[in-house]
Amino acid sequence: MTAGTTLRTVHDVAGLAAVADHLSDVWRTPRTAPPYPAEVLHSLVHAGGAVHALYAGQRLAGAAVAVLGADRSTYSLVAAAERGLGPVLKQAQRDWARALGARTMRWTFDPLVARNARFNLVKLGAVGTEYLVDFYGPMSDGVNDGDESDRLTVTWDLAAAGAPDEAEPHGPVLRRAPDHGPLVRRAGRHLWCRVPDDVVALRAADPALALRWRHAVRDVFTEAFLEGFRATGMSRDGWYTLTRTEATA
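Residues numbered from 1 in each chain as written. Predicted model: local features only at pLDDT ≥ 70, side-chain atom pairs only at ≥ 80, totals over all residues. Heavy atoms only, no water.

We now examine the packing of aromatic side chains. Taken as a whole and judged by the stated rule, the model has 5 aromatic pairs. Ring pairing ties together the aromatic residues Tyr131, Phe221, Phe225 and Tyr240, which thus form one cluster. The ring of Trp107 has Lys90 lying over it, and the distance from NZ or CZ to the ring centre is 3.7 Å. (Phe/Tyr/Trp six-rings, centres within 6.5 Å; stacked < 30°, edge-to-face > 60°. Lys NZ or Arg CZ within 6 Å of the ring centre and 35° of its normal.)

Structurally, the position occupied by Pro178 is in the loop between β8 (173–176) and β9 (182–187). Residue classification places Pro178 among the buried positions, given a relative accessible area of 19%. Taking C-alpha positions, Pro178 is 25 Å from Asn120, a pair spaced 58 residues apart along the chain. (Helix = DSSP H or I, 4+ residues; strand = E, 2+ residues; numbered from the N terminus. Buried < 20%, exposed > 50% of the residue type's maximum accessible area, 1.4 Å probe, protein only.)

What follows covers the nonpolar core. Core analysis: the biggest nonpolar cluster contains 44 residues, and Leu183, Phe221, Tyr240 and Leu242 have the highest contact counts within it. Ranked by residues supplied to this core, first place goes to helix α6 (residues 207–226) with 9 residues. Ranked by size, the runner-up nonpolar core spans 15 residues in total, among them Val45, Leu60, Val65 and Ala80. (Core = buried A, V, L, I, M, F, W, Y, C linked by side-chain atoms within 4.5 Å.)

On to the packing of helix α1 (residues 13–26) against helix α2 (residues 38–46), then. Two elements in contact, α1 and α2, have axes whose closest approach is 8 Å; the angle formed by their N-to-C orientations is 120°. Between α1 and α2, the angle falls in the class oblique. Regarding α1 and α2, the two cross each other, and that crossing is right-handed. The segment α1 lies against α2, with Val13, Leu16, Ala17, Val19 and Ala20 engaging Ala38, Leu41, His42 and Val45. Within the contact of α1 with α2, the residues separate by chemical class into 8 nonpolar, 1 polar and no charged. (Axes fitted to C-alpha atoms, helices over the stretch in contact; angles between N-to-C directions. Parallel < 35°, antiparallel > 145°, perpendicular 65-115°, else oblique. Left-handed = near helix turned anticlockwise from the far one by under 90°. Contact = heavy atoms within 4.5 Å. Nonpolar A, V, L, I, M, F, W, Y, C, P; charged D, E, K, R; others polar.)

Next comes the structure, spelled out in C-alpha cells:
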C-alpha cells in the first residue's frame, strides 16, 4: 500500500454513491448519468460482488467492481485508479477472489489504449484471450464517444506474478498503419502489432484517423486469434506481442 492511502470494501449507500460519482468523473459523464449507478453497485454487492475503494487521505483515488462468475471464476466489471495506484486495486480484487476459491479473473479493455495493455499483460501477467468487435455498441461517455467499442478480453491467472518484457518486434513488415509506419511484423510463433501512442488524445483531435486505427488493429487481431494467437505482451513503445499456442503452431 502506498503511503497515505487506504483501501476498503464498500457496502454502505453513501460510500457506493461516492464510487458512482468517481466513475462518472473518470468516464466524463454527468454525475446524474453514471456508468455504474449507486443502486446497481448496491445490488452487485448484495449479490456477492465486491466494490473496492482506494483513498488518498480522505479523497477517493480509485475504485473497482468485481462479481463471482461460473465455476468459481471472477469477472472485473470496472477498475479505475490514479496513476501508480492500479496495482493496489488489482491486488485487492485478487485477494477477494482467491478467498472465494477462484483461480482466474477476466475483464475487458480497449485494445488501442497501450498503457492499459502494458499494465494488464506485463505488470499483472494476464493474457488476451478474446477479441470482441464493437462489444458495447455506440457509447456516449466523454472518453469513448464517436468510436467503436472493440474490447480485448484478458484472463488473469490469480497465481501469476507478471510477465517479462517480450523481445523487440522483428521480421518483415506485413502491413502499414494509418500513420504509414509499420503496423504488423511476424517471425516464427510471434506476431507484433502496433497501436497509437495515445488513442484518447487522437480520438479527440482526429476521430476519423482514430477510427482507421481501430479498423486496422481489429483486422490484425481477429485474423490472428482465428489462427490461435493470444496477446501476451506490450512494449513501452506500443507494440503488442501475440504468441501462437503450441497446439496450433
